[in-house]
Every structure is written in structure tokens, then in C-alpha cells.
Amino acid sequence: MIKSNTSFGKLNSIIVGRELEISKRIADFTFQHFYGENLTHAVYDRLEHGGQEYYVNHELLLKRNEQLDNLAATFENLGVEVFRPDRLGQVVTIKTPDYKTELSSASNVRDVSLVYRDYIIETPTYVRNRFFENTLLYNVYNQLFDGGRGGKWVRSPHNKLVEETMDLSPWNSERDYKNFDRSKYTMAIDGAQFLRIGKDVIVNVNSYNHYLGLEWVKSFFPESDFHIVNVADNHIDGVLVCLKPGTFLVNPKYRNIKDFLPQKFKNWDCLFPDDYKAEPVIESGKTDIDIQLASTRGMDINIVSVDEKNILVSESAANVIELLDKHGFTPHPVRLENCEIFGGGIHCSTLDTNRDDEYIDYTK
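To keep things clear, this report deals only with the structure shown in the data block.

Calculation notes
- Residues numbered from 1 in each chain as written.
- Predicted model: local features only at pLDDT ≥ 70, side-chain atom pairs only at ≥ 80, totals over all residues.
- Heavy atoms only, no water.
- Helix = DSSP H or I, 4+ residues; strand = E, 2+ residues; numbered from the N terminus.
- Contact = heavy atoms within 4.5 Å.
- Pairing = 2+ DSSP bridges.
- Axes fitted to C-alpha atoms, helices over the stretch in contact; angles between N-to-C directions.
- Salt bridge = Lys/Arg side-chain N within 4 Å of Asp/Glu carboxyl O.
- Buried < 20%, exposed > 50% of the residue type's maximum accessible area, 1.4 Å probe, protein only.
- Polar contact = N/O pair within 3.5 Å; in protein donor to acceptor, adjacent residues only side chain to side chain.

Relative to the assigned elements, Arg18 resides in the loop between strand 1 (10-16) and strand 2 (24-26). The spacing of Arg18 and Leu88 is 70 residues in sequence and 8.2 Å in space, taken between C-alpha atoms. Here Arg18 is in contact with Asn65, Leu68, Asp69, Arg84, Pro85, Asp86, Arg87, Ser105, Ala106 and Ser107, once residues within four sequence places are set aside.

What follows is the structure, given as C-alpha cells:
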């Protein structure tokens, strides 16, 4: 059954992703804009002159999938039912009326789906090669949907991912969401931009594409309050995580996070892990262009709560583990390495589909 209103209610079932089993990765303009905050000038130059693609070390792929399998087993050992997407071990060319690309795997399953209340919502992706990614989850979603007995299952309208319809201005630019030409832009937003806290949903929005995507998602939940924030280029789960009612875990770079929070959440506790004394450096040679898709700080707080006490966290995130333990949580360290290369940590790589929680205002 599909049911999840929060990120902290008792977890009953979850999807754990699978990484693409071939080395080639597509990096067209949608990819480059989406991950732009983390791409260096050297990477841009290599992509411009070496073709819009790059290659991941094959041994790294094998290790990543092995560790995702182990992550799935960890959830099962904690009494959580686990679902897995289909594997993708070959190049699959996909084509729309506007472009041709190659299918990505369902690895970071949090990104292009949102589970909220009794809905699975396949969100309108921002990156071309993810357009048909959820076909690898069809069997899982169909099983959960169960002919309508398990909940509701909807897919976003087909968006047009061409330069003319994309808001390509810097993410922190000023925008007027009340007055803009809706016909100029296509909707595009990821599930990982939504932080669900019962009747309240905090949503990271920083483009006209995001705003149109949010409007579409909101239309299914007229009784919920959606609060727009602008705290990151795209996903919110590398910045802000709700551990339980009254407590957030926050990326240490965002000491001013309360300046951005909705008023009703400003009195909640914010836990900040100690920051790194030196900027984390990713080892060279893991890809042919030494690309990095996410920050180490963001991946450290990319946790999954099994309930309001037990939390799965990367074993390398020592500062987060220490912080959680100090504040009465029980951290369960798991090994999921090279998250910066694959653009996803534990939270990104999973999608909770059923929790024992309530659809209420948790600030009251």
C-alpha cells in the first residue's frame, strides 16, 4: 500500500535503486545545467570539446551496485520490505519529438518520483536521459498501485526539454513567480525538491520550470500547505532533513537556514554537524574527466530515518554520526561510497513507499 506523509514515520517499505551497469554517461546541456553548481571549469571544457559524455571507472560501478545491494539487505534486516527497479546493463537509445539520448538507470530513485499521502507521482524531469527512467520501476509501481487498491499512481505531462523552454538563469537569480509568461516555459521539478512534514511541504524552487512543476503537484493536494524556499540549485535533501517533529538536520554550510525557513518552522531545533577543516577532495581517476555531481557535506546529511530514533547514515559521515548519537538518535552506519561521483547518497538512492505516520500539522 502507498502511504507516506513524512520522512520520519515508522518505515515499512522502500525502494532501493540500482546503478547503470555500463560506464558511459550522457552529459548534455540539461545535465550540465542541472549539476552546474558542482561542475568545474575543467569539466565544462572537457564536455564541450570531448563530446557530451563521460565514463565511470567500471570497478566503481561494480562496487556501487554491491553496496546498493547491501543497503537493501540492511533495510530488510531492520524489518523493512524492499523493492528494486529493473537492471540496465546496455545502451538503450530513447527518442522524443525533440531530441535523442540514452536511458539512465533507476539509481537515484528519489529524484524523479514523489510519494506523498497515497500517491506515487512521477515528476517531470529536468534532465533528458531521465525522461523514461521510471520504466525501470513500472513493475514495482504497478505492484504497489494494485489496480487502485494500493493507492494512486500518476505521471506528469510530457515536458519539452529544449533550450527555448528552460529557465537557464543562475538558480539564485531574482524571479517573479506571480507575473511571468507560463507559455514560455516547460514544467520540470524533482521529487527530491520536496520535504514532506505532514500537511506541510517545504519545496526548493529556483526556476520558472520548478514553479510550474510545483503548481502541477499542488493540484493533487488542495488541503496541504506548500512552502517555497530557495536554498540550493535543485534538491533540498543535501541541505535540510527533518529527523522528527521539532528537529532538522542541516548542512553545516547553511548556518543561516532559519532565514529561509517558513515562519512556522523557525522555532524548530537545527542540528549542524561539525564542518570539515579543509575542503573535501575527491580522488582523481574515478571518471575520465574527474566529474563531481554532489558535495561531500550534502551527501553526509543524505540520511534515511527508519523511525524517529533509528537513522541510516553513511559510515564516512563521522561528524553526523557523532551529532545524532549526542542528541539521542541511534545512527546505523552503512557503506555507500563515491556518492559525490554518482550524485546520490542514501536518501537519493531510496524512495520510501509506506510509513506509519499521520497527515497532520506537526507544528501544533
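What follows picks up the thread again.
To continue, consider the sheet that holds strand 19 (residues 350-356). If you walk across this open sheet you meet the three strands as 4-1-19, and the pairing is mixed. Each end of this open sheet is capped by a strand with a single partner; those strands are strand 4 (81-83) and strand 19. Going from strand to strand, the sheet's axes swing by 20° on average, the running direction of each strand aside. Taken together, the three bridges between strand 1 and strand 4 define a ladder with parallel strand orientation. Residue pairing in the sheet places Ile14 in a bridge with Val82 of strand 4. Against the sheet, helix 3 (residues 58-77) makes contact with strand 1, strand 4 and strand 19, and its axis sits at roughly 160° relative to strand 1, the strand it touches most. Running over the sheet, helix 4 (residues 138-145) touches strand 1, strand 4 and strand 19 and is turned about 135° from strand 4.

Here we take up the sheet that holds strand 8 (residues 119-122). An order of 7-8-9 is seen for the three strands of this open sheet, with the pairing classed as mixed. On the outer flanks of this sheet lie strand 7 (113-116) and strand 9 (152-155), each paired with one strand and no other. Strand-to-strand twist across the sheet, computed as the mean angle between neighbouring axes with direction ignored, equals 15°. The sheet contact formed by strand 7 and strand 8 spans four bridges and is antiparallel. The residue bridging Tyr116 from the neighbouring strand is Tyr119, located in strand 8. Strands in contact with helix 4 are strand 7, strand 8 and strand 9; relative to strand 9, the strand with the most contacts, it is inclined by about 145°.

The subject of this paragraph is the pattern of salt bridges. What the rule picks out here adds up to 22 salt bridges. Put simply, Lys152 and Asp118 hold a salt bridge, and the shortest N to O gap is 2.7 Å. Of the two residues, Lys152 sits in strand 9 while Asp118 sits in the loop between strand 7 and strand 8, which places them 34 residues apart along the sequence. Accessibility expressed as a relative area gives 35% for Lys152, which makes it partly exposed. Accessibility expressed as a relative area gives 27% for Asp118, which makes it partly exposed. Among the ionic pairs, Glu315 bridges to Arg335, the shortest N-O distance being 2.5 Å. Of the two residues, Glu315 is situated in the loop between strand 17 (310-314) and helix 7 (318-326) and Arg335 in the loop between strand 18 (330-334) and helix 8 (339-342); the sequence distance between them amounts to 20 residues. Via salt bridges that share partners, Arg110, Arg196, Asp352 and Arg355 belong to a single interconnected network.

Once that is clear, we can look at the pairing of strand 7. With burial as the criterion, each face of strand 7 is covered, one bearing Ser113 and Val115 and the other bearing Leu114 and Tyr116. Where strand 7 folds back on strand 8, the antiparallel hairpin that results is connected by two residues, among which Arg117 adopts a positive phi of roughly 55°.

We now examine helix 5 (residues 208-218). Buried residues dominate helix 5, accounting for nine of its 11 residues. Where helix 5 is concerned, the buried positions are Tyr208, Asn209, His210, Tyr211, Leu212, Gly213, Leu214, Trp216 and Val217. In this fold, the buried residues of helix 5 make contact with strand 7, strand 8, strand 9, strand 10 (194-197), strand 11 (200-204) and strand 12 (225-229). Between the side-chain oxygen of the N-cap and the backbone nitrogen of Asn209 there are 3.3 Å, and the N-cap of helix 5 in question is Ser207.

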